[in-house]
Amino acid sequence: MDTRQLKTFIAIAEHGTFTKAAEAVGLTPSAVSQQIQALELEVRGELFDRSTRPITLNSHGLQMLEAARTLVRGADDIIDAISGRAVSGTFTIGSVRSSALSLLPLSIVALKADYPDLRIKLQVANTDELMSDVMSGRLDCAMVAEYSGIPSALRWHPFINEPLLVIAPRGTPQMSGLDMLSTMPYVRFNSRFKLAQIIETELAKTSVVPNLIAEIDTIASVVSCVVHGLGVSVVPWIALRDITVPIVSAPFGEPQILRPIGLLQRRAGTRAAIIDRLHEHLSRLSAPYGIER
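Rules of the game
Residues numbered from 1 in each chain as written. Predicted model: local features only at pLDDT ≥ 70, side-chain atom pairs only at ≥ 80, totals over all residues. Heavy atoms only, no water. Helix = DSSP H or I, 4+ residues; strand = E, 2+ residues; numbered from the N terminus. Buried < 20%, exposed > 50% of the residue type's maximum accessible area, 1.4 Å probe, protein only. Phe/Tyr/Trp six-rings, centres within 6.5 Å; stacked < 30°, edge-to-face > 60°. Core = buried A, V, L, I, M, F, W, Y, C linked by side-chain atoms within 4.5 Å. Contact = heavy atoms within 4.5 Å. Salt bridge = Lys/Arg side-chain N within 4 Å of Asp/Glu carboxyl O.

J.: How do you make sense of the environment of Asp117 when you look at a structure like this?
T.: In this fold, Asp117 is placed in the loop between helix H5 (103-114) and strand S4 (119-124). With a relative accessible area of 49%, Asp117 lands in the partly exposed category. Measuring from C-alpha to C-alpha, the distance between Asp117 and Gly89 comes to 7.4 Å, with 28 residues separating the pair along the chain.

The structure is reproduced here in structure tokens:
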């Protein structure tokens, strides 16, 4: 199977039309049509629903798209490794919707400086979806918190072990985290993500009954509420990394709760060197809580 045909097929799926795909791969529309005809002859089936405008992938085409991306990525990786040429192609990263997501833009910029010819794509989803996409090869790696159900075909390396903190508005007298939670209005992080479960579980171990004033489903909004004086809350250290307004903080938990976050990848993946480099950048940006690979 010709990888040029596969790259053309992927371009059509991503750009929506033969004409736009032709521009993307540097061919004429007629050459694109010829490549797709040859590909369909080889797989002995049509890959597009040509009754719609613009055309769309049919069920066979959707199956082919996943396989094509895996084959093209693998071929490019092997050629890069053997020839010693500059690393190129597409590198796909997944991430959960958490405060740690703020580290990725800086890490991606640093990774682009290392590999100028590499095209990097970021996808945000929940942990189960990310795990499935890494397993199938749709993602090269994903940033997720420590997870107990990782299949044996995958591996997870932490780049940070961040503390959880009780935070209060500027001017709050310094006191323990439990005292803050006992005496001040509480802004609760209410989410289906594991972080919220960790916070609620630890609170349940104490005698504290927080005076609930608000329930918010994103950490960034929780921090904003605290900064503006609404009350106190519990957040991970990363959520405060780029905050410029002074706030009061104290450790959460006895002993203080730590949350590991790492990169998930396939054991047999072909992008190990790039993932290692991404891990280095994430660890460096997570100082003083970063973990080397």
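Back to the write-up after that little detour.
J.: Is there a simple way to explain the packing of aromatic side chains in this structure?
T.: Aromatic ring pairs: the centre-centre distance and the angle between the two ring planes describe each pair. Applying the stated criterion to the full structure yields three aromatic pairs. Ring centres of Phe9 and Phe48 lie 5.7 Å apart, and the angle between their planes is 70 degrees; on these two criteria the pair is classed as edge-to-face. Residue Phe9 is located in helix H1 (residues 3-15), and its partner Phe48 is located in strand S1 (residues 48-49); the two are separated by 39 residues in the primary sequence. Considered together, Phe9 and Phe48 belong to a single accessibility category, that of buried residues. Every member of this aromatic cluster is reached through a ring pair, and the members are Phe9, Phe18 and Phe48.

J.: Got a minute to help me understand the nonpolar core in this structure?
T.: Burial of nonpolar side chains together is a common tendency in soluble globular proteins. In this structure, Phe91, Leu181, Ile199 and Phe252 are the most contacted members of the largest nonpolar core, which totals 55 residues. If one sorts the elements of this core by residue count, strand S6 (residues 154-168) sits on top with seven residues. In this structure Ile199 touches Leu164, Tyr186, Phe189, Val234 and Phe252, once residues within four positions along its chain are discounted. Judged by nonpolar contacts, the second largest core, of 19 residues, contains Ala11, Ala21, Ala22 and Leu47.

J.: Would you mind going over the pattern of salt bridges with me for this structure?
T.: If the charged atoms of two oppositely charged side chains come close together, the side chains can form a pair. Using the criterion set out here, one finds 13 salt bridges in the structure. Among the salt bridges present, the one from Asp133 reaches Arg138, with a minimum N-O distance of 2.7 Å. A residue is classified by how much of its surface remains accessible, and Arg138, at 33% relative accessible area, is partly exposed. Residue Arg188 is joined to Glu200 by a salt bridge in which the shortest nitrogen-to-oxygen separation is 3.2 Å. Highlighted residues: Arg188 in strand S7 (residues 185-189) and Glu200 in helix H8 (residues 194-204), separated in sequence by twelve residues. The partly exposed category is assigned to Glu200, whose relative accessible area is 28%. Shared partners join several salt bridges into a network, and the residues in it are Glu14, Arg119 and Lys121.

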